[in-house]
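Structural features, examined
So the chains spell out like this:
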Amino acid sequence: MSSTRKLWLALAALLLVSFSVLLWAGSEIFRAAPPMPEQVVAQSGQVVYTRADIEQGRQVWQSIGGMQLGSIWGHGAYVAPDWSADWLHREATDVLDIWARRDGGMATYADLPVEEQGALRGRLQAMMRANTYDAKTGTITLTQDRVAALSNVAAHYESLFGNDPATLKLREAYAMKQDTVDTAEHRRALTAFFWWTAWAATTERVSNDETLVPAKDGIANNKVTYTNNWPSEPLVGNTPPPAMWVWSAFSVLFLIAGIAILGWHYAITHGRSEETHTIPASDPFALLKITPSMRATAKYFWLVLALFIAQILLGAITAHFQVEGQSAYGFALSEYLPYSLARTWHTQLAVLWIATAWLATGLYIGPALSGHEPKYQRFGVNFLFVSLLLIVVGGFVGQWLAVMQILPLDYNFWFGHQGWEYADMGRFWQWYLFIGLLLWVTLVGRSLWPILRGPASDSKSIIGLLFMSTVAIGLFYGAALMWGEHTHISEVEYWRWWLVHLWVEGFFEVFATAVMALIFTRLGLIKTSTANITVLFATIIFMSGGVLGTLHHLYFVGTPIAVVALGASFSALEVVPLAYLGFEAYHTYRLGKATPWMARYRWPVMFFIAVSFWNLVGAGLFGFLINPPLSLYYMQGLNLTALHAHTALFGVYGMLGIALVLFCLRGLRGQMVWDTQALKVSFWSLNIGLALMGVLTLLPLGTMQLLAAIEHGYWYARSAEFMQKPIVELLIWMRMPGDIIFSIGALSLCWFVFRLWVAPRREAALVGETETGG
């Protein structure tokens, strides 16, 4: 008990310090964010853009899908360019061409001799990197040459986002529908927003607070733009600043040191002789009393499978858009289901079906642990289910209306498409979901309350951690409500990653760890006292890097160098516990073989083992591949990022969701014969399909893009010129084998669950027997 108390105190201190630093980092991000000008003017006094133009342009961008169609500052979809990088390159090239025609007598910059090109590049960098923002008047002043180039680039985008035949081929390459933006006024406003994001990416900060060396004459010596010199663009001198190199090296040192310390701890604690533990002769869950509210969770698991299948179908559609652009085998699909909408639903469903699996597990496990069925618990479970359906349907309909440009722009923020990846739903639906999560917290808490308020017991510590993670899941979704329609994009990104990183990768992981420990202790496979210490220690290790590791998503969104340093250091520590998950996988496998009746849980245990594998590979190996600042400088928004996202999101959280579903179904339908052959096909197909998806497409394509970004600049790695190469199209088609095998696994899982309710066969004996084919 003393050890447990010390661990609780250590966890409380860790969270207090970590969140204090995270909040401080947020204040620094808000302070150092790129300024939003009141007006942009030419040297002649002509007004080019106003703040209202930029603000409306962002609203337009959000309404068409935002980050689901191309990306801004590297965050978003992989089809279509990064608009910040694309605009920056086009504007820089246009200025150089203007100078080449006027001063060099050549048609284009490319026609000039090499030495003259070098001179013009130096002149361009001096002009574009100079910060002409006047804080007193809120005015950015541009040279006449730059205004001329800006007008040319704006005309290109106004053509692209309309239905001009001149840019039809480019729209097809970007998987954009005709009239992506509905009116000429809105298209012009959109160019203002794109220009401002590119301006921030190439304009040096005038404040010296975050620099590493003193400034001279008000100019920062380290030459850092508002986005820390991102994206890579040789024409304007955007190269990785020295801090990127330094903190990338330190992140590797932190990783090695962390693994060494954890390895030493593992050797010390696991080298001691363990006390003998008697395993029950029969399955303790076999005689579990299923309460009405527990039985009512069955529909959640059906919903999980329906959302999972829909997500896979939409994933296939988004992949196909990369090949045909606007159609599917000749059918004009983009006119009814545009790419940005298909990807919106694909990414949202990934989170929704996994979250639904975990929410249902919480509703099921509460009464199972306490044996207590609170009054109206079944009604609450059913009411929450209906609410989830309304949120999914209502949110998706609003997004369709927004992307199709049917919903008026004034209503988009509340009922349409917010445009922020993984936080796309309109604010009304986000509030509805937040209230639903608070209801979920109440339902789980009231079922666990008899244990929490009862006398001290060995399992009370784990159940307390389970309840705390439940509360955190409910409350931390509130991060999605922290920004408004016109909140600065740097501030939105800060809170958005609270939602994506802390909500999903943080507290859901603690919840899952506690649930797994409770399952194994209730099965009698491990001692409760041992589980208490193990779970608390694991939580401390995960959260030590997990909270401040959030900052590695924010290197290039207008943040100061201090945030880069913190993100690099602690994102490296995130990988440390994953290095030893192989031991945990082996331990889980041993538990699955501990006694004959554990054959009933063979496939749920196998999915738990898959979680450990993909945690090591997807979250650990591929995560650290992109997390150091120097790596992410070139890889952000490329398919190497997608490699990490797919293998970590499904490989870890998806596999975990399926494992939890299967454990719950063991209680709900455990008296029925399980078709273990279907589970075997599902397990191996899902894992092999995911691996092929990464090895045949995402890894080679991402590596090709990385080489292109280093050699030519980030814009080229995302350009239509690069993405339409035959080798790229071949690699995209190579997704089909993995996708087909993966789909077979999903359908096998659905067939297995379907058979448990439709024409099931009852087992001859429940206890002490091994399943046929188990």
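The text that follows walks through the structure, step by step, so that each part is easy to find. (Residues numbered from 1 in each chain as written. Predicted model: local features only at pLDDT ≥ 70, side-chain atom pairs only at ≥ 80, totals over all residues. Heavy atoms only, no water.)

Some details on the overall build of the protein chain
Rules: Put simply, DSSP marks the helices as runs of H or I at least four residues long and the strands as runs of E at least two long, and each gets a number from the N terminus on. The quantity called the radius of gyration is restricted to C-alpha atoms. Its globule counterpart is 2.2 Å times the number of residues to the power 0.38. For each residue, the accessible area found with a 1.4 Å probe, counting protein chains only, is set against the maximum for its type, and the residue is called buried under 20%, exposed over 50%, and partly exposed in between.
On a plain count of helices and strands, the protein chain comes out with 27 helices and six strands. Against the compact-globule benchmark of 28 Å for 774 residues, the protein chain has a radius of gyration of 27 Å, which places it among compact chains. Taken along the three principal axes of its C-alpha coordinates, the protein chain extends 90 × 60 × 45 Å. Expressed as a percentage of its 774 residues, the buried residues of the protein chain come to 62%.

Thoughts on the packing of aromatic side chains
Threshold: Each pair of aromatic rings taken from Phe, Tyr and Trp, with Trp reduced to its six-membered ring, is defined by centres within 6.5 Å and is described as stacked if the planes are under 30 degrees apart, edge-to-face if over 60, and tilted in the remaining cases.
Counted by the stated rule, this structure contains 59 aromatic pairs. Ring geometry for Phe520 and Phe608: centres 6.1 Å apart, planes at 55°, overall tilted. With Phe520 in helix α16 (residues 489-522) and Phe608 in helix α20 (residues 602-626), this residue pair connects regions lying 88 residues apart in the sequence. The class for Phe520 is buried, based on a relative accessible area of 5%. What makes Phe608 buried here is its relative accessible area of 2%.

Some details on the side chain of Lys177
Note the threshold: As used throughout, the charge tally considers Lys and Arg to be positive and Asp and Glu to be negative, leaving His and the chain termini uncounted. Just to be clear on terms, a salt bridge is a Lys or Arg side-chain nitrogen sitting within 4 Å of an Asp or Glu carboxyl oxygen. Here a polar contact is recorded for every N or O atom pair within 3.5 Å, except that within protein the pair must consist of a potential hydrogen donor and a potential acceptor, and residues adjacent in sequence are included only if both atoms are side-chain atoms. Only heavy atoms matter for contacts: two residues are in contact if any of them lie within 4.5 Å across the pair.
Within the secondary structure, Lys177 is located in the loop between α6 (168-173) and α7 (184-202). There is no salt bridge for the buried Lys177, and the closest opposite charge comes from Glu335, which lies 5.6 Å off by N-O distance. Engagement of the side chain of Lys177 in a polar contact is seen with the backbone oxygen of Asp179, the distance being 3.2 Å. Leave out the neighbours within four places in its chain, and Lys177 touches Arg171, Gln326, Ser334, Glu335, Pro338, Val403 and Met404.

What about helix α14 (residues 427-452)?
An α-helical turn contains 3.6 residues, so a residue and the one three or four places further along point in the same direction. As a reminder of what qualifies: Here the expected length of a helix is defined as 1.5 Å per residue gap, with one fewer gap than residues. The quantity called bend is, for any residue, the angle between two axes fitted respectively to the seven residues ending at it and the seven beginning at it.
Taking 1.5 Å per residue as the helical rise, α14 with its 26 residues ought to reach 38 Å, and the 35 Å between its terminal C-alpha atoms agrees with that figure. Maximum bend of α14: about 35°, positioned at Arg446, with proline Pro450 one to four residues after it.

Concerning the packing of helix α17 (residues 528-546) against helix α18 (residues 561-575)
The condition is simple: Each axis is a line fitted through C-alpha atoms, and for a helix only the stretch in contact is used; angles between axes span 0 to 180 degrees, taken between their N-to-C directions. These descriptions rest on fixed angle ranges, namely under 35 degrees for roughly parallel, over 145 for roughly antiparallel, 65 to 115 for roughly perpendicular, and the rest for oblique. Left-handed describes a crossing in which the near helix is turned anticlockwise from the far one by less than a right angle; the clockwise case is right-handed.
Across the interface, α17 lies against α18 with an axial gap of 7 Å and an inter-helix angle of 150°. It follows from the interaxial angle that α17 and α18 lie roughly antiparallel. The handedness of the crossing between α17 and α18 comes out as left-handed. Two secondary-structure elements touch here, α17 through Ser544, Gly545 and Gly546 and α18 through Phe570, Leu573 and Glu574.

Digging into the packing of helix α11 (residues 339-370) against helix α22 (residues 639-668)
Between α11 and α22, the least distance of the axes is 9 Å, while the angle of their chain directions is 35°. Seen along the crossing, α11 lies across α22 with a hand that is left-handed. Listed contacts from α22 to Ala350, Trp353, Ile354, Ala357, Trp358, Thr361 and Tyr364 of α11 are Leu649, Phe650, Tyr653, Gly654, Leu656, Gly657, Ile658, Leu660, Val661, Cys664, Gly667 and Leu668.

Regarding the pattern of salt bridges
Across all of its chains, the model carries 14 salt bridges by this definition. Of the charged contacts in the structure, one is a salt bridge between Arg188 and Asp53, with a shortest N-O distance of 3.6 Å. One end of the pair, Arg188, is in helix α7; the other, Asp53, is in helix α2 (residues 51-63), with 135 residues separating them in the sequence. Ionic pairing is found between Glu421 and Arg343, a salt bridge with its closest N-O pair at 2.9 Å. Taken together, the residues Glu421 in the loop between α13 (409-415) and α14 and Arg343 in helix α11 connect sequence positions 78 residues apart. When its relative accessible area of 8% is taken as the criterion, Glu421 is described as buried. Residues participating in the shared-partner salt-bridge network are Arg102, Asp103, Arg123 and Asp145.

With respect to the environment of Trp83
Position of Trp83 among the secondary structure elements: in helix α3 (residues 83-103). In the structure, Trp83 is positioned 108 residues away from Thr191 in sequence and 9.8 Å away in space, judged by C-alpha atoms.

So, the nonpolar core
We apply this condition: Side-chain atoms within 4.5 Å are what join buried Ala, Val, Leu, Ile, Met, Phe, Trp, Tyr and Cys residues into a set we call a nonpolar core.
Judged by nonpolar contacts, the single largest core of 256 residues is most densely connected at Trp83 and Phe161. A total of 23 residues in this core trace back to one element, the largest contributor, which is α16. Sequence-distant contacts of Phe161, defined by excluding residues within four places in its chain, comprise Ile64, Leu69, Trp83, Met176, Asp179, Thr180, Val181, Arg187, Leu190 and Phe194. Counting seven residues, the second-largest nonpolar core is a separate cluster that includes Leu262, Ile541, Val575 and Val576.

Re the sheet that holds strand β2 (residues 47-50)
So the rule is basically this: Only strands joined by at least two bridges in the DSSP assignment are considered to pair.
Across the sheet, which stays open at both edges, the four strands sit in the order β2-β1-β6-β5 with mixed pairing between neighbours. For this open sheet the edge positions go to β2 and β5 (133-134), each flanked by a neighbour on one side alone. As defined by bridge partners, β5 adjoins strand β6 (residues 139-142) across two bridges and the pair is classed as antiparallel. Directly across from Tyr133, in β6, lies its bridge partner Ile140. Strands β1 (39-42), β2, β5 and β6 of the sheet are contacted by α7, whose axis makes an angle of about 90° with β2.

Considerations on a nonpolar patch on the surface
Put simply, the rule reads: A patch consists of residues whose relative accessible area exceeds 30% and which take part in no salt bridge; residues with like charges are grouped when within 9 Å of each other, and nonpolar side chains (Val, Leu, Ile, Met, Phe, Trp, Tyr) when within 5 Å. In this description, accessible areas are obtained by the Shrake-Rupley approach with a 1.4 Å probe, and a residue is regarded as covered only by the protein chains that are shown.
A surface patch of nonpolar side chains, amounting to about 580 Å² of accessible area, comprises Tyr329, Val681, Trp733, Met736, Ile740 and Ile744. With three residues, helix α27 (residues 735-757) is the largest single contributor of residues to the nonpolar patch. Relative to the assigned elements, Ile740 resides in helix α27. Among the residues examined, Ile740 registers a relative accessible area of 46% and is labelled partly exposed.

Description of the environment of Met127
Inspection of the secondary structure puts Met127 in helix α4 (residues 114-129). Judged by its relative accessible area of 16%, Met127 is buried. When neighbours within four sequence positions are excluded, Met127 is seen to be in contact with Val95, Trp99, Thr143 and Arg146.

Quick look at α2
The first and last C-alpha atoms of α2 sit 19 Å apart over 13 residues, in line with the 18 Å expected at 1.5 Å per residue. When you tally the buried positions in α2, you get 10 out of 13 residues, the bulk of the element. Here α2 has its buried residues at Asp53, Ile54, Glu55, Gly57, Arg58, Gln59, Val60, Trp61, Gln62 and Ser63. Downstream of α2 by one or two residues, Gly65 has phi in the positive range, about 125°.

Everything listed here is a matter of coordinates, which is why it stays silent on function.
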